[in-house]
Amino acid sequence: MQHKHIETLAEQFENAGPYEILNWAGETYGERLAIVTSFQITGIVTLHMMQRIAPRTPVLTLDTELLFPETQDLIKDLERRFQLDLRRVKPRQTPRQQARDYGDRLWERNPDRCCHIRKTIPLRDALAGFGAWVAGLRRDQTAGRANTPVLSHDSRSGLVKIAPFANWSEDRVWAYIHEHNLPFNKLHRAGYPSIGCWPCTKARVSNGDGRSGRWANRSKTECGIHIPLIEERASEVMRA
Ligand code: SF4
C-alpha cells in the first residue's frame, strides 16, 4: 500500500471505532494480518474484538524470557479462552547466552541494546511475510505516543501498522474489560500500570503516566519496536 494511500485512510479512520478498523484490517489483509501484543489491557480488548472478526488471526507476543509469572499466567489463560493462534517470538539468545556475550544485566547498562536483541530484532524477523500488524498503542499513554496515527507505514518491518485504539482512553479500555468480564494481569492490582520484562518494570511512579513504571528513572520510554528506524539510527543503540 502506497504511503499516500495510508495517510488518506488514516485520516478517514480518525472518527472510526476500533471494531470498524479491525474489521477493515481483517477484510483487507486476511491471512497476512498479525496482532502483536504484550497482553496489556488494550491488547486484551483487541483479542476480544477479533474473536468476532477473524479469530484465527495469528497473535505474536515477544517472549523475552524475562516476563513476570503473572504475565505468563495471563497469556496461558487467554490462549485457552480464545483458542488463539499464539506465536511466542523469542530472541536468538537465551538470557544466559546474552550474559555470556554482553555481560550480566545488560538491561541495567544498555537497555536499548538489550531491547534490540530481545524485542526489536525478533519482531522484525517474525513479521516477515505479513502485510500488516495491529498494535495496542494509545495516544493517552505517553507524550511520545500523543500523535500516534491509526494507520502508518512501519519502517522496521515495511508493513502497514494499525493502531485501532489510538483514540481510546485508558478508562474506556478498562470499562470494556469490566463490561465483558475479561481477565487482566494481576500486577495491575499491585499498582503496575504497564507490564513488561521484570527487570525493567516497577509500580507506577507518583504523578507518572500510564507507562511510568517502565524503565523507571531513565529517559527511555519505548523498547524500540514503535520507534522509526531513522530515529534509532541516530540513537546510541548501535554504539554499545
Ligand atoms: S525491557 Fe528490559 S529486560 Fe526486557 S528486553 Fe528491554 S531492556 Fe531487556
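Above this note sits the structure.
*Asks:* Break down the overall build of the protein chain for me, with residues and values.
*Replies:* Helix and strand counts for the protein chain come out as nine helices and six strands. Taking the contacts inside the protein chain whose residues are at least 6 apart along the sequence as the reference set, 73% of them involve residues at least 24 apart.

*Asks:* I'd like a rundown of the packing of helix H2 (residues 18-29) against helix H3 (residues 41-53), residues and numbers included.
*Replies:* Look at H2 against H3: their axes get within 10 Å of each other, and the N-to-C directions meet at 55°. Between H2 and H3, the interaxial angle falls into the category oblique. Seen along the crossing, H2 lies across H3 with a hand that is right-handed. Only Met-49, Met-50 and Ile-53 of H3 make contact with H2, whose side of the interface consists of Pro-18, Tyr-19, Leu-22, Asn-23 and Gly-26.

*Asks:* Tell me about the site of the ligand, and please be specific about residues and values.
*Replies:* The immediate surroundings of the ligand are formed by 13 residues, with Pro-111, Cys-114, Cys-115, Cys-197 and Cys-200 found nearest. Among the elements that make up the shell around the ligand, the one with the highest residue count is helix H7 (residues 111-126) (five residues).

*Asks:* I'd like a description of H3, backed by residues and values.
*Replies:* Under the 1.5 Å per step criterion, the end-to-end length of H3 is 19 Å for 13 residues, consistent within 8% with the ideal 18 Å. Of all the residues in H3, the buried ones are Ile-41, Thr-42, Gly-43, Ile-44, Val-45, Thr-46, Leu-47 and Met-50. In this fold, the buried residues of H3 make contact with H2, strand S1 (33-36), strand S2 (59-62), helix H4 (69-82), strand S4 (132-134) and helix H8 (170-179).

*Asks:* Just give me the short version of H2, but keep the residues and values in it.
*Replies:* Compared with the 16 Å implied by 1.5 Å per residue over 12 residues, the 16 Å span of H2 between its first and last C-alpha is a close match. Pro-18, Ile-21, Leu-22, Ala-25 and Tyr-29 are the residues of H2 that are buried. Buried residues of H2, seen end-on, are gathered within an arc of 95° and therefore sit on one face of the element. Facing away from the buried side of H2, by more than 90 degrees, are the exposed residues Glu-20 and Glu-27. Here the buried face of H2 lies against S1, H3, S4 and strand S6 (160-162). At the C-terminal side of H2, Gly-30 shows a positive phi close to 50°.

*Asks:* Can you break down the nonpolar core residue by residue, with the values?
*Replies:* In terms of nonpolar packing, the biggest core is built from 50 residues, with Ile-35, Val-36, Trp-133, Val-134 and Ile-162 touching the most fellow members. Once residues lying within four places of it in the same chain are set aside, the contact partners of Val-36 are Leu-60, Leu-123, Trp-133, Val-134 and Ala-135.

*Asks:* Report on the sheet that holds strand S3 (residues 86-89), specifying residues and quantitative values.
*Replies:* An order of S3-S2-S1-S4-S6-S5 is seen for the six strands of this open sheet, with the pairing classed as mixed. The open sheet terminates on both sides in strands that have one partner only, identified here as S3 and strand S5 (151-153). Averaged over all adjacent pairs, the angle separating strand axes in this sheet is 30°, with direction ignored. Pairing geometry for S1 and S4, over three bridges, is parallel. Each bridged residue has a counterpart across the sheet, and for Ala-34 the counterpart in S4 is Trp-133.

*Asks:* Please provide a residue-by-residue account of the environment of Glu-108, values included.
*Replies:* Tracing the sequence through the fold places Glu-108 in helix H6 (residues 106-109). Since 12 C-beta atoms lie within 10 Å of it, Glu-108 is described here as exposed.

*Asks:* Tell me about the pairing of S1, and please be specific about residues and values.
*Replies:* Burial along S1 is two-sided: Leu-33 and Ile-35 facing one way and Ala-34 and Val-36 facing the other are all buried. Examined bridge by bridge, S1 and S2 share two bridges and lie parallel to one another. Across the sheet, residue Val-36 finds its bridge partner in S2, namely Leu-60. Each parallel crossover has a hand, and for S1 linked through H3 to S2 it is right-handed.

*Asks:* Provide a residue-level description of the environment of Gly-136, including the pertinent values.
*Replies:* One can find Gly-136 in the loop between S4 and S5. A sequence separation of 98 residues divides Gly-136 from Ser-38, and the C-alpha atoms of the two residues are 8.8 Å apart. In this view, Gly-136 contacts Thr-37, Gln-40, Thr-42, Gly-43, Thr-46 and Phe-165; residues no more than four positions away in its chain are not counted.

Cut-offs applied
- Residues numbered from 1 in each chain as written.
- Predicted model: local features only at pLDDT ≥ 70, side-chain atom pairs only at ≥ 80, totals over all residues.
- Helix = DSSP H or I, 4+ residues; strand = E, 2+ residues; numbered from the N terminus.
- Contact = placed C-beta atoms within 7 Å.
- Axes fitted to C-alpha atoms, helices over the stretch in contact; angles between N-to-C directions.
- Parallel < 35°, antiparallel > 145°, perpendicular 65-115°, else oblique.
- Left-handed = near helix turned anticlockwise from the far one by under 90°.
- Near = placed C-beta within 6 Å.
- Expected span 1.5 Å × (residues − 1).
- Buried ≥ 20, exposed ≤ 12 C-beta atoms within 10 Å, placed from the backbone.
- Arc of directions from axis to C-beta.
- Core = buried A, V, L, I, M, F, W, Y, C linked by C-beta atoms within 7 Å.
- Pairing = 2+ DSSP bridges.
- Right-handed = clockwise from strand over helix to strand, strands pointing away.

Note that every value here comes from positions in space, so none of it alone points to a role or purpose.
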